[in-house]
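Geometric and topological summary
The residues making up each chain are set out below.
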Amino acid sequence: MDNLNFVIAKNLTELRKRNKLTQLELAEKLNYSDKAVSKWEQGESMPGIEVLHKLSGLYGVSLDYLVGEETAKPLENFQPRLKKRHRIITLLSILAVWLIVTIVYSSVNIFDHRHLWILYCWAVPASLVVAVIFDVIWHGRKFFFLLISLLMWSLLMCFCIQFVQHNIWIILGIGIPLQVAAILWALLVK
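Before going into details, it helps to say that this report is about the structure given with it.

Secondary structure summary: the protein contains nine helices and zero strands in total. Seen through its principal axes, the protein has C-alpha atoms that stretch 80 × 40 × 20 Å. Relative to its full complement of 190 residues, the protein shows a buried share of 35%. Residue pairs at least 24 apart in sequence account for 54% of intrachain contacts in the protein once pairs closer than 6 positions are excluded. Within the protein, one finds 19 positive and 14 negative side-chain charges whose respective centroids are separated by 9 Å.

Below you can see the structure in the form of C-alpha cells.
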C-alpha cells in the first residue's frame, strides 16, 4: 500500500508541475487545502477516488495513469482536440447563419428584384447569439460578457440602421447603461 501512495505521489507531483500549477492553485481548484495536496505529493496520505477522478479530468489522464507506474500513458492530446472540434462546430454554425442570409438575399434579389442588404446587418447579432449559446455550452462562459456586449451593441446598431433615420444617439444612448450593467454583472459573477 505504501508503494501505491508513492506512485500516486510521484504522478500527482509530475502532472501538477507539467501543468504549471502551484499546490495552492491545485488545492483551490479541488476545494482542498494546500496542506492536503502536499501530503498527497509526499505520499503521506492518498486522495479519495472522487478526488482522483477530478484530477484525471483536470489533467486529461486516465485513472490508470494516476495509480500506475508506467503502464498507462497520459491522454495528452484529448483536450486540445476537443477544444478544436468545439471551435470548428461553432464557426460552422455561425457560417450557417451567413449562408442562410445569403440564400434569402439572393432569392429576394432574383425573384422580387429588391436588394435587402439590411439582412447582412442583422446576421451579425444572429451570429453573436449562436456564439453565446456555444460559449455557454462548451466554454463555461469564458467569453460570455464580451459576446453579450457585442450582441447588445450590434442589435442597437441594426435597429438604428433600419428604423432610425435621424439622431441615432438616442438609441445608442440606451447602450451606455446596458454596458455598465453588463460590466457590473461580470464583476459580480467573478
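Let's shift gears to the nonpolar core. Counting residues in each nonpolar core, the largest one holds 17 residues, and the members touching the most others are Leu 26, Trp 40, Leu 55, Tyr 59 and Leu 66. At the level of secondary structure, the elements contributing two or more residues to this core comprise helix H1 (2-18), helix H2 (23-30), helix H3 (34-42), helix H4 (49-59) and helix H5 (63-67). Residue contributions to this core peak at four residues, all from H4. Counting residues in each nonpolar core, the second largest holds 14 residues, with Val 97, Val 130, Phe 134 and Leu 147 among its members.

Pairs of aromatic rings are described using the distance from one ring centre to the other and the angle between the two planes. Taken as a whole and judged by the stated rule, the model has eight aromatic pairs. With a centroid separation of 5.8 Å and 85 degrees between ring planes, the pair formed by Phe 144 and Trp 185 is classed as edge-to-face. Of the two residues, Phe 144 is situated in helix H8 (residues 144-163) and Trp 185 in helix H9 (residues 169-189); the sequence distance between them amounts to 41 residues. For the pair Phe 145 and Trp 185, a centre-to-centre distance of 5.1 Å together with 85 degrees between the ring planes defines the contact as edge-to-face. One end of the pair, Phe 145, is in helix H8; the other, Trp 185, is in helix H9, and 40 residues separate them in sequence.

Here the focus is H8. When the terminal C-alpha atoms of H8 are compared, their 28 Å separation across 20 residues agrees well with the 28 Å that a helix rising 1.5 Å per residue should span. Buried residues of H8: Phe 144, Phe 145, Leu 147, Ser 149, Leu 151, Met 152, Ser 154, Leu 156, Cys 158 and Cys 160, and no others. Against the buried residues of H8 lie helix H7 (118-138) and H9.

Attention shifts here to the pattern of salt bridges. Taken as a whole, this structure holds three salt bridges when the rule is applied. Salt-bridge contacts for Glu 14 lead to Arg 18; the nearest nitrogen and oxygen are separated by 2.5 Å. Here the residue Glu 14 and the residue Arg 18 both occupy positions in helix H1, the gap between them amounting to four residues, near one helical turn.

So, on to the layout of surface pockets. Approximately 410 Å³ is the volume attributed to the largest pocket. Arg 87, Asp 135, His 139, Lys 142 and Phe 143 are, among the 16 residues lining the largest pocket, the residues nearest its centre. Elements represented by at least two residues in the lining of the largest pocket include exactly helix H6 (78-112) and H7. Sorting elements by how many residues they give to the lining of the largest pocket places H6 first, with eight residues. Residues that form the lining of the largest pocket fall into these classes: eight nonpolar, four polar and four charged.

Before going further, it helps to examine the side chain of Asn 11. Looking at the secondary structure, you find Asn 11 in helix H1. There is a polar contact of 2.9 Å between the side chain of Asn 11 and the backbone oxygen of Gly 68. Apart from the residues lying within four places of it in its own chain, the contact partners of Asn 11 are Tyr 65, Leu 66, Val 67 and Gly 68.

Orientation of H2 relative to H4, taken along the N-to-C sense of each, is 115 degrees, at an axis distance of 11 Å. Compared by their axis directions, H2 and H4 come out roughly perpendicular. When you trace H2 past H4, the crossing you get is right-handed. Taking contact as the criterion, the partners of Leu 26, Lys 29 and Leu 30 in H2 are, on H4, Val 51, Lys 54, Leu 55, Leu 58 and Tyr 59. Taken together, the residues of the contact of H2 with H4 break down into six nonpolar, no polar and two charged.

Rules and cut-offs
- Residues numbered from 1 in each chain as written.
- Predicted model: local features only at pLDDT ≥ 70, side-chain atom pairs only at ≥ 80, totals over all residues.
- Heavy atoms only, no water.
- Helix = DSSP H or I, 4+ residues; strand = E, 2+ residues; numbered from the N terminus.
- Buried < 20%, exposed > 50% of the residue type's maximum accessible area, 1.4 Å probe, protein only.
- Contact = heavy atoms within 4.5 Å.
- Lys, Arg positive; Asp, Glu negative; His and termini not counted.
- Charge placed at Lys NZ, Arg CZ, Asp CG, Glu CD.
- Core = buried A, V, L, I, M, F, W, Y, C linked by side-chain atoms within 4.5 Å.
- Phe/Tyr/Trp six-rings, centres within 6.5 Å; stacked < 30°, edge-to-face > 60°.
- Expected span 1.5 Å × (residues − 1).
- Salt bridge = Lys/Arg side-chain N within 4 Å of Asp/Glu carboxyl O.
- 1 Å grid on protein atoms, 1.4 Å probe; cavity = no way out; pocket = protein on both sides within 12 Å on 5 of 7 lines; lining within 4 Å.
- Points joined across faces, edges and corners; volume = space filled by probe spheres on them.
- Nonpolar A, V, L, I, M, F, W, Y, C, P; charged D, E, K, R; others polar.
- Polar contact = N/O pair within 3.5 Å; in protein donor to acceptor, adjacent residues only side chain to side chain.
- Axes fitted to C-alpha atoms, helices over the stretch in contact; angles between N-to-C directions.
- Parallel < 35°, antiparallel > 145°, perpendicular 65-115°, else oblique.
- Left-handed = near helix turned anticlockwise from the far one by under 90°.

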